[in-house]
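# Fold and contact review
Single-letter residue listing:
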Amino acid sequence: MKDKKIITIQDISCYGQCSLTVALPILSAAGYETAIIPSAVLSTHTAGFKGFTFHDLTSEIPHILDHYKKEGIKFDALYSGYLGGKDQIELVKRMKNEVLNEGGIYAFDPAMADQGKLYPAFDNNYVNEMKELVKISDIILPNLTEACFLTDTPYLEKYDEEYVKEVMKKLVKMGAKKVVLTGISYKEDKLGVAIYEDGYKYYEHERISKGCHGTGDVYASAFLGAYMKSNDLFKASKIAADYVVLCIKNTINDPSHWYGVKFEPMLKEYIAMLK
Ligand code: PXL
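Throughout what follows, the structure given in this document is the object of discussion. Values in this document were obtained by computation on a predicted structure and should not be read as measured data. (Residues numbered from 1 in each chain as written. Predicted model: local features only at pLDDT ≥ 70, side-chain atom pairs only at ≥ 80, totals over all residues. Heavy atoms only, no water.)

On to the environment of Asn250. Note that Asn250 resides in the loop between helix H8 (233-249) and helix H9 (267-274). The partly exposed category is assigned to Asn250, whose relative accessible area is 28%. (Helix = DSSP H or I, 4+ residues; strand = E, 2+ residues; numbered from the N terminus. Buried < 20%, exposed > 50% of the residue type's maximum accessible area, 1.4 Å probe, protein only.)

Listed below in structure tokens is the structure:
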């Protein structure tokens, strides 16, 4: 069987355990050749560090894509995460058209908001443009905040299954083929993933803490690695959730590690789950 290749576009936060520094090791551990397009280079992520640097790489991306087109370089999956700005949305569309193999998967992690708020770099204009990527996504992996922004739904802290189903249906109506909605909680001590494919499913697991930074990126990467092996949305969602729980458990007792999760020592458990 031909080995599968993935291309992912997201930022390099040089320090802080998110985006490419998380996606690349996890997808490599899952066994995939993974190419990267850095959307921007930052000294750190933007959630908690003061005075981070930001260098936008938008102008370089068309040249990279032109080169791939000439060389006939193509991939079995495209995974987009944190982008450097709204001009890159058009470039992600171009990537789907030009570097994704026929039958390849576009996995879209909106990576723009959490806990009811947009990340500092983004505004409503960006949200509106990001709706274009919902339309062309094979699998969208938002948290509830991102799903609410993308569907113009008021964000609620307490909600029921009907509310979650409604948000997911809106994403499907907009064009997303499958939805994996993370961080859904119906009970105080539980957290879970809501899945919408032919119908609604929910995988519930223990809640370890209020939440750690970077778990969205760990989740999306671990999900894609598992999904490309099994084509089973529920199974991949569960493996990714179980892995994130292990990573959080491995981190919470170290208060100095507030900026990300120590996912690396748990990679062997992730690999075992994939077997
Ligand atoms: O984990 C999402 C993320 C990725 N990249 C950068 C971020 C964030 C979240 O804050 O700031 C630069």
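All right, on to the pattern of salt bridges then. Going through the model one piece at a time under the given rule, you end up with 16 salt bridges. Close ionic contact of Asp138 with Lys177 constitutes a salt bridge, the shortest N to O distance being 3.1 Å. Separated by 39 residues along the polypeptide, Asp138 in the loop between helix H4 (124-136) and strand E8 (139-140) and Lys177 in the loop between helix H6 (161-174) and strand E9 (178-184) bring together distant segments of the chain. A salt bridge links Lys165 to Glu161; the nearest nitrogen and oxygen atoms lie 3.5 Å apart. With Lys165 and Glu161 both in helix H6, this residue pair falls 4 residues apart, about one helical turn. (Salt bridge = Lys/Arg side-chain N within 4 Å of Asp/Glu carboxyl O.)

As a further point, take the nonpolar core. Membership of the largest hydrophobic core comes to 47 residues, with the highest contact counts inside it found for Ile7, Met130, Val164 and Leu181. Apart from the residues within four sequence positions on either side, Leu181 is in contact with Pro142, Asn143, Leu144, Ala147, Val164, Met168, Gly192, Val193 and Ala194. Ile139, Leu141, Cys212 and Leu267 belong to the second-largest nonpolar core, a separate cluster that totals 42 residues. (Core = buried A, V, L, I, M, F, W, Y, C linked by side-chain atoms within 4.5 Å. Contact = heavy atoms within 4.5 Å.)

Looking now at the side chain of Asp217. Structurally, the position occupied by Asp217 is in helix H7 (residues 215-230). Here Asp217 is buried and forms no salt bridge, its nearest opposite-charge partner Lys117 lying at an N-O distance of 18 Å. A distance of 2.8 Å separates the side chain of Asp217 from the backbone nitrogen of Ser19, its partner in a polar contact. Residue contacts for Asp217: discarding those within four places in its chain leaves Cys18, Ser19, Val22, Tyr79 and Asp109. (Lys, Arg positive; Asp, Glu negative; His and termini not counted. Polar contact = N/O pair within 3.5 Å; in protein donor to acceptor, adjacent residues only side chain to side chain.)

Another aspect to go through is H4. Inspection of H4 places Tyr126, Val127, Met130, Lys131, Leu133 and Val134 among the buried residues, and these make up the whole buried set. Taken around the axis of H4, the buried residues stretch over an arc of 160 degrees, which confines them to a single face. Packing partners of the buried residues in H4 comprise helix H3 (87-99), strand E5 (100-108), strand E7 (117-118), E8, helix H5 (144-151) and H6. (Arc of directions from axis to C-beta.)

Locating Asp242 in the fold gives a position in helix H8. Every residue in contact with Asp242, bar those within four places of it in the chain, is listed here: Tyr203 and Met273.

What follows covers the pairing of E5. Along any regular strand, the residues point their side chains to alternate faces of the sheet. Pairing of strand E4 (residues 75-80) with E5 involves 5 bridges; the strand directions are parallel. For Leu78, the partnering residue across the bridge sits in E5 and is Tyr106. Judged from the 2 bridges that link them, E5 and E8 form a sheet pairing that is parallel. Pairing of Ala107 across the sheet is with Ile139, part of E8. (Pairing = 2+ DSSP bridges.)

Near the ligand the following residues occur: Asp11, Ser13, Cys18, Ser19, Leu42, His45, Thr46, Ala47, Tyr82, Tyr119, His213 and Asp217. Within the side chain of Ser19, one N or O atom sits 3.1 Å away from a nitrogen atom of the ligand. For the ligand, an oxygen atom lies 2.8 Å from a polar atom in the side chain of Asp217. Relative to its free-state accessible area of 310 Å², the ligand is covered by the protein chains to the extent of 98%. (Near = heavy atom within 4 Å. Areas by Shrake-Rupley, 256 points an atom, 1.4 Å probe, with all protein chains shown as cover.)

It is worth stressing that arrangement in space is one thing and function is another; only the former is reported here.
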